[in-house]
Amino acid sequence: QVQLVESGGGLGQPGGSLRLSCAASGGTLRVYNLAWFRQAPGKEREIVAGITWNARSTYSAESVKGRFTISRDNAKNAIVLQMNSLKPEDTAVYYCAVDRTRPMFSSIRKSAHDYDAWGQGTQVTVSA
């Protein structure tokens, strides 16, 4: 059973940067699509960015396009989300997720219901 642990959250300044990491243990991420989601208070969990198993395709939500970058390190069994040009509306709990139901799938699915392994979440707060 794969376990995911996020790190790197905290307080960020508007216009600043934060880097989130997600380390996996108990199983390989190599053949699965990965994603970062976020959930703000009173809102639905939404996808922020996704990456296919072979890193040939990525997806970014319109709200973070050009600011956030997802990457994967299969050697380290890890996922990274680089967040630049932070805005107060980026404040949320951020979760890494793995879509293990379709190994080596060429498309990134956008719904949280399609992901079956989750980290515990890390709080990101953007405030001056």
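Below is a short write-up of the structure. (Residues numbered from 1 in each chain as written. Predicted model: local features only at pLDDT ≥ 70, side-chain atom pairs only at ≥ 80, totals over all residues. Heavy atoms only, no water.)

Let's shift gears to the overall build of the protein. Looking only at helices and strands, the protein features zero helices and eleven strands. Taken over C-alpha atoms, the radius of gyration comes to 14 Å for the protein, in line with the 14 Å a tight globule of 128 residues would show. Projected onto its principal axes, the C-alpha positions of the protein cover 40 × 30 × 25 Å. In the protein, which comprises 128 residues, the proportion classed as buried is 43%. Taken as a whole, the protein presents about 6,500 Å² of accessible surface, with 48% of it coming from carbon and sulfur. Charged side chains in the protein number 15 positive and 10 negative. The centres of these two groups are separated by 6 Å. (Helix = DSSP H or I, 4+ residues; strand = E, 2+ residues; numbered from the N terminus. Rg over C-alpha atoms; globule rule 2.2 N^0.38 Å. Buried < 20%, exposed > 50% of the residue type's maximum accessible area, 1.4 Å probe, protein only. Areas by Shrake-Rupley, 256 points an atom, 1.4 Å probe, with all protein chains shown as cover. Lys, Arg positive; Asp, Glu negative; His and termini not counted. Charge placed at Lys NZ, Arg CZ, Asp CG, Glu CD.)

A few words now on the state of the cysteines. Here, the word disulfide means a covalent bond between the sulfur atoms of two cysteines. Tallying each qualifying case throughout the model produces one disulfide. One disulfide bridge connects C22 with C96, the sulfur atoms lying 2.0 Å from each other. Where C22 bonds to C96 through sulfur, the torsion about that S-S bond is close to 50 degrees, and the disulfide is right-handed. Note that C22 is positioned in strand β3 (residues 18-25) and C96 in strand β9 (residues 92-99), a separation of 74 residues in sequence. (Disulfide = S-S within 2.5 Å.)

We now examine the side chain of D90. Here D90 lies in the loop between β8 (78-83) and β9. Residue classification places D90 among the buried residues on the basis of a relative accessible area of 0%. Side chain to side chain, D90 and R38 meet in a polar contact 3.0 Å long. Reaching out from D90, the side chain makes a polar contact with the backbone nitrogen of K87 at a distance of 2.8 Å. Beyond its immediate chain neighbours, meaning those up to four positions away, D90 contacts R38, V64, R67, F68, S85, V124 and V126. (Polar contact = N/O pair within 3.5 Å; in protein donor to acceptor, adjacent residues only side chain to side chain. Contact = heavy atoms within 4.5 Å.)

Glancing now at unusual backbone geometry. The phi dihedral of A55 is positive, around 60 degrees, even though this residue is not glycine. By the secondary structure assignment, A55 is in the loop between β5 (46-51) and β6 (58-60). Note on A55: relative accessible area 42%, which makes it partly exposed. Of note, the phi angle at S85 is positive, near 50 degrees, even though the residue is not glycine. Here S85 is to be found in the loop between β8 and β9.

Core analysis: the largest hydrophobic core is formed by 29 residues, its most contacted members being L4, W36, L81, M83 and Y94. Counting residues per element, the ones that place at least two in this core are β3, β4 (33-39), β5, β7 (68-73), β8, β9 and β11 (122-126). In terms of nonpolar packing, the next biggest core, distinct from the first, is built from six residues, F37, I47, A97 and Y115 among them. (Core = buried A, V, L, I, M, F, W, Y, C linked by side-chain atoms within 4.5 Å.)

By themselves these figures say nothing about function.
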